[in-house]
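# Overview (structure and organization)
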Amino acid sequence: METSPHRPVIAASWLRSDRAGLRPDAHPDPEIGAIEAADTLLDAARPVLARAATALSGSNTALLLVDHRSRLVSRVTADLTLERRLEGLGAIAGAGFGEEEMGTTALGTPLEVRGDVAINGAEHYLEQFRTLSCFGRPIIHPATRRLAGVICMAEIADRINPLSIPLVRGLVDDISGRLLDRSHASHRAVIAAYQRLARRRDVAVAAIGDDLQLTNAAAAQLLAPGDFGTLRLLLADGAPRTAVLTLVSGVVADVVVSRPDGAPHAAVFRLRPRPGGPSAPVIAPRPATAPTVAVSGEPGTGRSTRALTCVAEDAHTVLDVAGAILAGREPDVPAVLRACREAGRGLVVDGADLLDERSARLLHAAVANPAAGPAVSIVVVTGPAESLSPAVGALVACCRRRIVLPPLRERTTEIASLGQGLVAAVDPHLELGADAADALLSQEWPGNLAELSMVLTEAADAVLARGGRTVTAEDLPAEYRGSTRAARLRGMEQAERQAILAALASADGNKSRAAAELGISRTTLYARIRALGIRG
């Protein structure tokens, strides 16, 4: 790595860029993402940038605007040479300019430090930017105090022009003022929509905006702090107008979502609890008897626990296939099945998809022909159907009842409720805080319920150790406190991400086959995988 510059803010940015895997001589391809979510910012900035473009006419200066995710949403320049150079450097609509993507720039670094940053030519981390000097300033939404984006003025020069600093600051002030005007209008629209629906006292009504949260008395009694993160999931563009949510209390509620005109990032919710009181989201009730059952799901989805609810509590045997194989023993399916029949006990075959073909066929015969011996309940536990061998697939198909447990990433509306149940299992006096619930909703949970349980058990122990009663985001392990890129996606991006994940699962992770199934090139698939934060 080259000698770091003397200014601390630049030196720290170079170090972050290096740790992200960038090298100074790299020419990274821009990662293109959707920018529809920045419409509010662009709407406020467009007339301000248009006036600035007139003032800068004839100069070799450009104005660049990125959103809060460092994606370029606007580029204004009157100089054709600079225009072409910026395009060649990847400054195109939707391109990501975060430090992990483009190193030290006056677009990504101000978002990292949440302050003004001037970068002279040689201070750029990537050599390709060193003919430019830039000044960037964050745009802080005056109502929400959240980062809305960054404006950068760039020019072909060794050092920035000092006059660019007051000019950019003035542009940011103008854009902030327009954002505030729109925020006031949005607030008025949300409040008016809420008041129309909240007049009936027998209906729970809540409203959420950028920096606004309203509830009537019924909703205040129904909703816990962690539930508002779940409601925010329904703010995404394209979200359904109705939904079923499992609240932190365990109550299952039907929700109707209304989107007020003039408030694109707000909604009013009407909630009606279903009769029957709180549900038990983690462990299903144990039936008195159970037919032959197949329980399928990804590891960690609670499939082993669910299987045990399908047999008599004190009269069953568990054949742990993985445990037997790890201990160096081949599972003896005929012997275990014979013993269960003689003793009148149910049999749970946990990990049936790990059986060899002969054992799977023998178990299939027992399930398909129960008249061959004394009746016995058989429960087989397997991975997802698409991952099964033909022999195990036939076994599952012959079970009278099939239970498919969805992965946690498909149960986002239940995560807050599941989380409350898990911390309460550690200590009934513990409560899941709103910021912790929001952080949990932001994760992808490849380990499913097992991973969630591990994380919240550790967090609950930390709270008890300090004598607290509320699990906050700071109590979670460090890697679970922030938002993943996937959690920040909205609308069509989320739909696109789910389509790619489904295609990859169908193709057993083979990206060429997944691309063919999606009807896109492999290069395009790789680009979208990076842009949408898909792991693996």
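Here, the structure is the one placed above.
Since the model is a prediction, treat every value here as computed from it, not as a measurement.

### Points about the overall build of the chain
Secondary structure summary: the chain contains 19 helices and 17 strands in total. For the chain, buried positions account for 48% of its 536 residues. Across the chain, the fraction of contacts at a sequence separation of at least 24, relative to all contacts at a separation of at least 6, is 64%. Counting every atom, the chain has about 24,900 Å² of accessible surface; 53% of that belongs to carbon and sulfur.

### Describing the sheet that holds strand β7 (residues 213–215)
Remark on secondary structure: sheet strands pair via backbone hydrogen bonds, oriented parallel or antiparallel. Spatially, 5 strands are ordered β7-β6-β10-β9-β8 in an open sheet, and the strand pairing comes out antiparallel. Strands at the two margins of the open sheet, each flanked by one partner only, are β7 and β8 (242–246). Strand-to-strand twist across the sheet, computed as the mean angle between neighbouring axes with direction ignored, equals 25°. Note: strand β9 (residues 252–258) against strand β10 (residues 267–273), 6 bridges, orientation antiparallel.

### Thoughts on the environment of G103
The topology assignment puts G103 in the loop between α4 (99–102) and α5 (109–113). C-alpha separation for the pair G103 and L126, spaced 23 residues apart in sequence, amounts to 6.3 Å. Once residues lying within four places of it in the same chain are set aside, the contact partners of G103 are S17, L22, G98, T109 and Y125.

### Some details on the nonpolar core
In this structure, L86, F97, L107 and C152 are the most contacted members of the largest nonpolar core, which totals 27 residues. Only α1 (8–19), β1 (61–67), α3 (80–88), β3 (117–119), β4 (132–140) and β5 (147–156) provide two or more residues apiece to this core. Discounting residues that sit within four places of it in the chain, F97 has contacts with S70, G90, A91, M102, T105, L107, G108 and F129. Judged by nonpolar contacts, the second largest core, of 26 residues, contains A416, L440, L449 and V471.

### What about the sheet that holds β1?
Taken together, the 5 strands give an open sheet; going across it, the order is β2-β1-β5-β4-β3, and neighbouring strands pair in antiparallel fashion. Among the strands making up the open sheet, the edge pair consists of β2 (72–77) and β3. Across the sheet, the axes of successive neighbouring strands diverge by a mean angle of 15°, strand direction being ignored. Pairing geometry for β1 and β5, over 7 bridges, is antiparallel. Residue L63 lies in a different strand from β5, and its bridge partner there is M153. Running over the sheet, helix α2 (residues 39–55) touches β1, β2, β4 and β5 and is turned about 175° from β1.

### A short note on helix α12 (residues 357–368)
Over its 12 residues, α12 extends 16 Å from the first C-alpha to the last, a length consistent with the 16 Å expected when each residue adds 1.5 Å. Among all positions in α12, only S359, A360, L363, A366 and V367 are buried. Across the axial projection of α12, the buried residues extend over an arc of 120°, all falling on one side. Exposed positions of α12 whose direction lies more than 90 degrees from the buried face are R358 and R361.

### Quick word on the pattern of salt bridges
One pass over the full model with this rule turns up 14 salt bridges. The salt bridge partner of R16 is E99, with a shortest N-O separation of 2.6 Å. On the criterion of sequence distance, the pair formed by R16 in helix α1 and E99 in helix α4 is long-range, its members being 83 residues apart. The exposure class of E99 is buried, given its relative accessible area of 2%.

### Looking at the environment of A514
Following the sequence through the fold, A514 ends up in helix α18 (residues 511–518). With a relative accessible area of 0%, A514 lands in the buried category. For A514 and I500, which are 14 residues apart along the polypeptide, the C-alpha to C-alpha distance reads 7.5 Å. Apart from the residues within four sequence positions on either side, A514 is in contact with A503, L504, A507 and L525.

### Topic: the packing of aromatic side chains
Per the stated rule, a full pass over the model turns up 3 aromatic pairs. Centroid distance W14 to Y125: 5.6 Å. Interplanar angle 85°. Geometry classified as edge-to-face. Of this pair, W14 sits in helix α1 while Y125 sits in the loop between β3 and β4, and the two are 111 residues apart along the sequence. With 6.4 Å between their ring centres and 45° between their planes, F97 and F129 make a pair best called tilted.

### With respect to α3
Where α3 begins, one side-chain oxygen reaches toward the backbone nitrogen of T81, 3.2 Å away; that side chain belongs to D79. Count one or two residues on from α3 and you reach G90, which has phi positive near 95°.

### Section: the pairing of β10
Sheet topology note: the strand β6 (residues 204–208)/β10 ladder contains 5 bridges and is antiparallel. Across the sheet, I208 pairs through a bridge with A267, a residue of β10.

### Side note on the pairing of strand β13 (residues 346–350)
Counting buried residues in β13 gives 5 out of 5 residues, a clear majority hidden from the surface. Burial along β13 is two-sided: G346, V348 and D350 and L347 and V349, pointing in opposite directions, are all buried. Looking at chain direction, strand β12 (residues 316–320) and β13 are connected through 5 bridges and run parallel. Bridging across to β13, D320 finds its partner in D350.

Parameters and conventions
- Residues numbered from 1 in each chain as written.
- Predicted model: local features only at pLDDT ≥ 70, side-chain atom pairs only at ≥ 80, totals over all residues.
- Heavy atoms only, no water.
- Helix = DSSP H or I, 4+ residues; strand = E, 2+ residues; numbered from the N terminus.
- Buried < 20%, exposed > 50% of the residue type's maximum accessible area, 1.4 Å probe, protein only.
- Contact = heavy atoms within 4.5 Å.
- Areas by Shrake-Rupley, 256 points an atom, 1.4 Å probe, with all protein chains shown as cover.
- Pairing = 2+ DSSP bridges.
- Axes fitted to C-alpha atoms, helices over the stretch in contact; angles between N-to-C directions.
- Core = buried A, V, L, I, M, F, W, Y, C linked by side-chain atoms within 4.5 Å.
- Expected span 1.5 Å × (residues − 1).
- Arc of directions from axis to C-beta.
- Salt bridge = Lys/Arg side-chain N within 4 Å of Asp/Glu carboxyl O.
- Phe/Tyr/Trp six-rings, centres within 6.5 Å; stacked < 30°, edge-to-face > 60°.
- Polar contact = N/O pair within 3.5 Å; in protein donor to acceptor, adjacent residues only side chain to side chain.

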